[in-house]
Amino acid sequence: MKETIPPHFRFSQDQGSMFFFLLECIFIVCTCSSASAPKRRCVYYDSPRNHQYTQAGRVSGSVQVCEATSCCVGFFWMMDGQQKVDLQACDMHEHSCPDMHCKPQPRFNKMIKCVCKTDFCNSNISWISEDEEAVGSPDGTMRTTIAVVSVVLLFLMVCFWTAAKRGRSFYQHTRENPSSSCDVSVNPQCSCQEANQSIIDHSLIELQQVVGRGRFATVFQGKYKGSAVAVKCFPGGQEEKFRAEKEVYELPLMKNAGIVLFLGSGTKPHDTSFFIVMQFAEHGSLHSFLSQHSISWTSAFNMCLSLSQGLSYLHSDLQHNGVHKPSVAHRDLSSSNVLLRADFSCVLCDFEGSAVLRSCVGRQWGRSHTQNFQGGPEVGTLCYMSPELLERAVNLTSSSFMLQGDVYALALILWEVWMRCSHLFQDADVPQHLLPFELELGPNPSWEHLIHHVCFMNQRPSIPPPWDVLPEGCEMKRILTDCWDSDADARLTASCVVNCLMSLQSSNT
Ligand SMILES: Nc1ncnc2c1ncn2[C@@H]1O[C@H](COP(=O)(O)OP(=O)(O)OP(=O)(O)O)[C@@H](O)[C@H]1O
């Protein structure tokens, strides 16, 4: 006989699947309703810069019929009060666009962007204020209700999609490495432990030659207690930078093979300057080394692995014996801020722009950082900046964006290393060392050129065709493209890069 279970009992027994069933229903309803809706039509402006947007829908003259989005996008330059079209198309990057009209969202300098959701709404910037828009619309309340319902539905879909995506990547990662986790989320516990301060008397240091000159400090080779050291000297005016860098080095558990060894710090009483003493890295910066040497596959691999391990450690949030190391975002990762030790392993240095991602009563999650709105953020080296940071499309103090920005920069450095690896150019000459985008934009690209190239054209350093036929080439390419993805959320974490590199090596031996 067939067993009948009372409905209320069935529900309580299977709440989890009911929840997912409901979500699925919402998803199906939304999908069906969007499938039956007419396709969005946007103004299309034909310029070489928007060739990537041709994939967003069928173009016929100056009209584009959108395939996978209902949003139109417009980029305009403002010149002498006049708007000049830069790009108009279906917005393949945005799937949510609450605005009916092309409402200006200022970008850098004189660029304005708008994303909107009515047919041909991207033809012109609409200078209508929100109030006017609400008053001018006869069915404003109805539209608002529809908008609210759509946003709630969309939000549920995004939650569902994000949970599914996270679950998938977590599963994939834990399968690859069951003992570790990709999670670099910030530990909610307060990390206000006392710093490991170590004051050094400057009279015990013997300064020798200058080995590096940066924007804020000069680095000398020196001697301290009989050992070779590097001494980073900050002039009196750079006290803030000195304190910021010292704060990172003095965090608990910062001693790690991937981070340059901090020995102490001090002040010079007579000229009120400040200094930080570190272990001396015999081969200098990765940038200067790659400029002078091509490298073998083994050296390239060890450099990439140690660099990724160092970054993964820096990003990690750890508790050990009651001591808490918060996650730290470097925020100025470049081949000049990576040093090479005697054994050619990489260590990270230069933390004056870093953000310590912790929460303490009365403190911020990340240290605040000043920004120069004329020339872009003061923190970071231009050509290593991720698209979202270049565009300022995100909250720059968000911890996840800072960490994802580091991963983008990591990809560019891995590319720099591999581009000097003789094994990867078997029958050809190894190309000279080049900074990312140096080939395309020259050694000192402007902010505008980088935004155009990296954000609008979605270009990345080119991967040489010979890599396609190498057994490791495919995986290397995948690591690079997954780390420099224009969608920051889609990027790998630093600890996942370590795992990918490990599997690259094991499949190669
Ligand atoms: N421990 C070290 N051992 C050897 N060389 C070092 C060491 N620390 C720094 N250098 C050299 O000094 C250069 C500048 O160092 P650093 O990046 O810390 O200075 P900065 O003033 O903060 O520069 P930036 O302009 O990148 O902010 C490095 O690129 C490297 O060549």
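Residues numbered from 1 in each chain as written. Predicted model: local features only at pLDDT ≥ 70, side-chain atom pairs only at ≥ 80, totals over all residues. Heavy atoms only, no water.

Going by what an unreviewed UniProt entry lists, the protein chain is known as receptor protein serine/threonine kinase and is assigned to Gouania willdenowi. Regarding the protein chain, the relevant UniProt record gives this comment under Subcellular location (unreviewed entry): "Membrane". The UniProt entry for the protein chain carries the following comment under Sequence similarities (unreviewed entry): "Belongs to the protein kinase superfamily. TKL Ser/Thr protein kinase family. TGFB receptor subfamily." (UniProt positions renumbered as here; feature names shortened; annotations may be inferred.)

Another aspect to go through is the state of the cysteines. For the structure on display, the rule yields five disulfides. Across the disulfide from C71 sits C97; the S-S distance is 2.1 Å. With the S-S bond torsion at -90°, the cross-link from C71 to C97 turns out left-handed. Here the residue C71 occupies a position in the loop between strand 3 (63-66) and strand 4 (72-79), and C97 occupies one in the loop between strand 5 (82-90) and strand 6 (105-106), the gap between them amounting to 26 residues. Each member of the pair, C71 together with C97, is buried. With no disulfide of its own, C483 has C500 as its nearest cysteine by sulfur position, at a separation of 7.5 Å. (Disulfide = S-S within 2.5 Å. Helix = DSSP H or I, 4+ residues; strand = E, 2+ residues; numbered from the N terminus. Buried < 20%, exposed > 50% of the residue type's maximum accessible area, 1.4 Å probe, protein only.)

Enumeration according to the criterion identifies 14 salt bridges in this entry. D350 is paired through a salt bridge with K232; the nearest N and O atoms lie 3.2 Å apart. One end of the pair, D350, is in the loop between strand 17 (346-348) and strand 18 (355-357); the other, K232, is in strand 10 (residues 227-234), and 118 residues separate them in sequence. For D350, a relative accessible area of 11% translates into the label buried. A relative accessible area of 7% places K232 in the buried class. (Salt bridge = Lys/Arg side-chain N within 4 Å of Asp/Glu carboxyl O.)

In the region of the ligand, 20 residues are neighbours, and R215, K232, S336, N337 and E352 sit closest. Residue R215 places a main-chain N or O atom 2.9 Å away from an oxygen atom belonging to the ligand. For the ligand, whose free accessible area comes to 610 Å², the fraction covered by protein is 91%. Of all the secondary structure elements, the ones that give two or more residues to the shell around the ligand are strand 8 (205-213), strand 10 and strand 12 (273-279). Looking at the shell around the ligand, its residues break down into ten nonpolar, six polar and four charged. Two domains each donate at least three residues to the shell around the ligand, and these are domain 2 (194-280) and domain 3 (285-368 + 378-506). (Near = heavy atom within 4 Å. Polar contact = N/O pair within 3.5 Å; in protein donor to acceptor, adjacent residues only side chain to side chain. Areas by Shrake-Rupley, 256 points an atom, 1.4 Å probe, with all protein chains shown as cover. Nonpolar A, V, L, I, M, F, W, Y, C, P; charged D, E, K, R; others polar. Domains from an automatic or database assignment.)

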